[in-house]
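# Working through the structure, step by step
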Amino acid sequence: MKRTFYLEKEKCMGCTNCMRKCPTEAIRIVKGKAVIDDDKCINCGECIRVCPYNAYTSITDKIIDLKDYKFNIAIPSTTVYGQFTLGTEICKIHNALIGLGFDYVYDESWAAELVTKAIKEKVISDKILRPKISSNCPAMVRLIKIKYPGLLENIIEIEAPMEIAARLAIKKAKKIDKTLKDEDIGVFYISPCPAKTLSVKEPIGKDKSYINKVISLKEIYGDMVRELKMHSDRCFSNPSLTGLKWSISGGQTDACDFENSIAVSGLENVIDILEEIEMGKLEHIKYLEILSCNGGCVGGTYNFENPFVANSNIKHILKNIKEERLINDDIEKYKEFKKEGYFDIAIHEDIEEKKPNIKEAVEKMERIEKIYKKLPKLDCGSCGAPTCRALAEDIEEGKKTIDNCVILKLEEK
Amino acid sequence: MKKIKCYNYKIDKNDFVNAGKVSSEIKKNLKKIGFTNRIIRRIAVISYEGEMNIIIHSEGGEIDFEIYEDKIILKINDKGPGIDDVNLAMTEGYSTAPSEIRELGFGAGMGLPNINNCSDNFNITSSKNGTKIESTICLE
Ligand SMILES: Nc1ncnc2c1ncn2[C@@H]1O[C@H](COP(=O)(O)OP(=O)(O)OP(=O)(O)O)[C@@H](O)[C@H]1O
Ligand code: SF4
Ligand SMILES: [Mg+2]
């Protein structure tokens, strides 16, 4: 799987909105319908977000899949806590999930606190190649692989909180019920975005994910709201204050508390900063948090609440959490988990360095340039390519012809 | 060996609005051709530092960016006023950048040393008529 959403062709009007927004120019309009090039798609979800006709449908697992396992664990993304009316207590949200049939809820924020520790150690000990870039947003890891491969080595090779949470949750489950075997346990992640969903279905930097199923937050939201009204009893865990911050932009850098760190959210902003780093600037920056969505993960496509409202909800929780909050004993076992390799992933291995055929490549560029010169440079998108330059490239590769340019055709007449 | 392609970019003095555009253009072309990341990184640094020095310290100039089968040559030339003491200018940390330039984040005195470090072959000459830098990066 390379993509966790698909286009419902009947709904697509070929309006070019998604094509223009795509950060990797992965979309073309062919015969009036959007077509995505999977090799270029980073699963950021921008197309889903901008489509005025709701033509993109997300692939999601469902509550009904709980029946496949004896023991079901829910790991709600930390963004989930920002999706309900201000003041909704976290244990209530957990209880709603229990009400929906889960046997246990593990709070991702505790894993985020552990990951924060690992990042701090890494950044302090490894001083070459600055800035270190956060690997938490899978869309950004893919963006760097496709558009900025030179920066792949800057990405910090540390596992994302959701995966750590899954492993810790499985441990806990086996403690609760000693008869449970691996195959009895279903780990469900409640995802804020297609990118995180894909990171389970098609992991980067490791062989497999410890998460079995991914339910998009949108899919389960209505059920949760209903359940919320009914439950108030048992409490499972309170969040880690350090970890909960990860749901909002600036949260990771804040949690790590480095001097000289930068937090950037929103695709355009991330692209700007990566361009600067590629120029060798910003080497004085220790850590760079990059998140595809505006405002951070609370801005993820599958969230219900407006990202700014969700941000305020999360901040409200951070302010009001009671001192006597439950402490998660996993935090003390950081060293043990580290030794066991919980945080290890291998992203840098994917770096391929091919020797280019310079002559051929230059000739190709010249051919593209020649075609481009003939085009009107309006970037109108009517041809089905996002820019005139993209059309020139498509023509050179034989995918389109100059006749696709509507403006030139009009001028001919 | 044969020259495959040459690009020429003009750079105006004090043109902070377009600062970085030329090196960014060069980088884009290198990426399209498919040079390895290490080569691109080095050339990006050389062209960026060269471009900024022209903007900040000179009366304006140009960068010639030449691609050969086995090497890349960057010629960074300006119209003056030249560098009084080239050896001094080449020392790490030496800078004559005034405070307003430093406030913009330049003036660490690392530009020329960086260009030197990233080049396989580096040559600088300077007179009041201009500064000429020739930087060569060998491919393989
Ligand atoms: N093209 C030039 N024309 C005239 N003087 C120059 C030129 N390039 C460099 N210099 C002089 O050499 C000094 C050192 O240059 P260098 O690029 O190493 O540092 P910088 O430009 O001052 O700071 P940084 O490059 O770290 O922002 C400059 O401060 C300036 O006095
Ligand atoms: S910023 Fe967060 S929500 Fe958005 S794509 Fe990245 S991981 Fe997903
Ligand atoms: Mg300089």
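Keep in mind that this is a model prediction, so the values were computed, not measured.

With that out of the way, let us pick up the overall build of chain A. On a plain count of helices and strands, chain A comes out with 16 helices and 11 strands. Dimensions along the principal axes, computed over C-alpha positions, put chain A at roughly 75 × 50 × 40 Å. For chain A, the residues scored as buried account for 55% of the 413 residues in total. A separation of at least 24 residues holds for 79% of the contacts in chain A among residues at least 6 apart in sequence.

Another point: the pairing of strand β9 (residues 213-216) of chain A. Residue and element names in this part refer to chain A. Burial along β9 is two-sided: the face carrying Lys213 and Ile215 and the face carrying Val214 and Ser216 are both buried. Inspection of the sheet shows strand β8 (residues 185-191) paired to β9 by four bridges, in the parallel sense. The residue bridging Phe188 from the neighbouring strand is Lys213, located in β9. Taken together, β8, helix α7 (residues 194-201) and β9 form a β-α-β motif whose crossover is right-handed.

This part covers the site of ligand 1. All names here are of chain B. His57, Asp78, Ser95, Thr96 and Gly107 are the nearest of the 20 residues found near ligand 1. One nitrogen or oxygen atom from the main chain of Ala108 is found 3.2 Å from an oxygen atom belonging to ligand 1. Within the backbone of Met110, one N or O atom sits 2.8 Å away from an oxygen atom of ligand 1. When the free accessible area of ligand 1 is taken as 590 Å², the share hidden by the protein chains comes to 92%. Contributing elements (two or more residues each) for the shell around ligand 1: α2 (37-57) and α5 (111-118). Its residues assigned to classes, the shell around ligand 1 shows nine nonpolar, nine polar and two charged.

Moving on to the packing of aromatic side chains. Residues and elements named next belong to chain A. In this structure the tally under the stated criterion is 11 aromatic pairs over all chains. Look at Phe102 and Phe188: their rings are 5.4 Å apart centre to centre, the planes differ by 75°, and that puts the pair in the edge-to-face class. Of this pair, Phe102 sits in the loop between α3 (90-99) and β6 (104-105) while Phe188 sits in strand β8, placing them 86 residues apart in sequence. Comparing Phe102 with Phe188 shows no difference in burial state: the two are buried. Look at Phe337 and Tyr342: their rings are 5.0 Å apart centre to centre, the planes differ by 25°, and that puts the pair in the stacked class. Ring-pair connections join several aromatic residues into one group, and the members of that group are Tyr69, Phe102 and Phe188. Taking NZ or CZ as reference, Lys377 lies 5.0 Å from the ring centre of Tyr372, over its face. One Lys or Arg, Arg389, reaches over the ring of Tyr372 and ends 4.0 Å from the middle of that ring.

Turning our attention to the confidence of the model for chain B. Low pLDDT means the predicted coordinates in that region are not meant to be read closely. Residues and elements named next belong to chain B. When pLDDT is averaged across chain B, the result is 93; 100% of the residues are at 70 or more. When mean pLDDT is compared element by element in chain B, strand β5 (residues 130-138) scores highest at 97, while helix α4 (residues 99-103) scores lowest at 88. Two numbers describe this predicted complex: its pTM, 0.88, and its ipTM, 0.79.

Below, the discussion takes up the interface of chain B and chain A. Opposite the 25 residues of chain B that make contact, chain A presents 25 residues. Between chain B and chain A lies a buried interface of about 2,100 Å² when both sides are counted; carbon and sulfur atoms form 58% of it. Per-residue buried area on chain B facing chain A is highest for Ile33, Asn37 and Arg41 of chain B; these three make up 28% of the total on that side. Joining chain B to chain A, the criterion identifies four salt bridges. Between Lys31 of chain B and Glu278 of chain A there is a salt bridge, with its nearest N and O atoms 3.0 Å apart. Summed over the shared surface of chain B and chain A, the number is eight residue pairs in polar contact (both at pLDDT 80 or more). By residue number, the principal contributor to the side of chain B that touches chain A is helix α1 (residues 21-33) of chain B, which donates seven residues. For the side of chain B that touches chain A, the per-class residue count stands at 10 nonpolar, six polar and nine charged.

Let us now look at the packing of helix α5 (residues 138-147) of chain A against α7 of chain A. Residue and element names in this part refer to chain A. Between α5 and α7, the shortest axis-to-axis distance is 8 Å and the interhelical angle comes to 80°. Regarding the angle of α5 to α7, the classification is roughly perpendicular. Seen from α5, the contacting residues are Pro138, Ala139 and Arg142; seen from α7, they are Ala195, Lys196, Leu198 and Ser199. Across the contact of α5 with α7, the residue classes tally to four nonpolar, one polar and two charged.

Looking now at the nonpolar core. Residues Ile27, Ala34, Tyr56, Leu97, Ile220 and Met224 of chain A are the most contacted members of the largest nonpolar core, which totals 47 residues. Two domains each donate at least three residues to this core, and these are domain 1 (1-59) and domain 2 (63-351) of chain A. Dropping the residues within four chain positions of it, Tyr56 of chain A is found in contact with Phe5, Tyr6, Leu7, Cys18, Ile27, Ala34, Ile36, Cys47, Ile48 and Cys51 of chain A. Judged by nonpolar contacts, the second largest core, of 44 residues, contains Tyr9, Ala89, Ile124 and Ile133 of chain B.

This part is about the domain arrangement of chain A. Once the domains are mapped, chain A shows domain 1 (1-59), domain 2 (63-351) and domain 3 (357-413). Each of domain 2 of chain A and domain 3 of chain A was reduced to a C-alpha centroid, and the two centroids are 42 Å apart.

A few words on the packing of α2 of chain B against α5 of chain B. Residues and elements named next belong to chain B. Relative to each other, α2 and α5 sit at 150°, their axes nearing to 9 Å. Here α2 lies roughly antiparallel to α5, going by the angle between them. Remark: the crossing between α2 and α5 carries left-handed chirality. Side by side, α2 and α5 meet where Arg42, Val45, Ile46, Glu49, Gly50 and Asn53 of the first sit next to Gly111, Leu112, Asn114, Ile115 and Cys118 of the second. Grouping the amino acids of the contact of α2 with α5 by side-chain chemistry returns five nonpolar, four polar and two charged.

Calculation rules
Residues numbered from 1 in each chain as written. Chains lettered and ligands numbered in written order. Predicted model: local features only at pLDDT ≥ 70, side-chain atom pairs only at ≥ 80, totals over all residues. Heavy atoms only, no water. Helix = DSSP H or I, 4+ residues; strand = E, 2+ residues; numbered from the N terminus. Buried < 20%, exposed > 50% of the residue type's maximum accessible area, 1.4 Å probe, protein only. Contact = heavy atoms within 4.5 Å. Pairing = 2+ DSSP bridges. Right-handed = clockwise from strand over helix to strand, strands pointing away. Near = heavy atom within 4 Å. Polar contact = N/O pair within 3.5 Å; in protein donor to acceptor, adjacent residues only side chain to side chain. Areas by Shrake-Rupley, 256 points an atom, 1.4 Å probe, with all protein chains shown as cover. Nonpolar A, V, L, I, M, F, W, Y, C, P; charged D, E, K, R; others polar. Phe/Tyr/Trp six-rings, centres within 6.5 Å; stacked < 30°, edge-to-face > 60°. Lys NZ or Arg CZ within 6 Å of the ring centre and 35° of its normal. pLDDT = per-residue confidence, 0-100. Buried area = accessible area lost by both parts, 1.4 Å probe. Salt bridge = Lys/Arg side-chain N within 4 Å of Asp/Glu carboxyl O. Axes fitted to C-alpha atoms, helices over the stretch in contact; angles between N-to-C directions. Parallel < 35°, antiparallel > 145°, perpendicular 65-115°, else oblique. Core = buried A, V, L, I, M, F, W, Y, C linked by side-chain atoms within 4.5 Å. Domains from an automatic or database assignment. Left-handed = near helix turned anticlockwise from the far one by under 90°.

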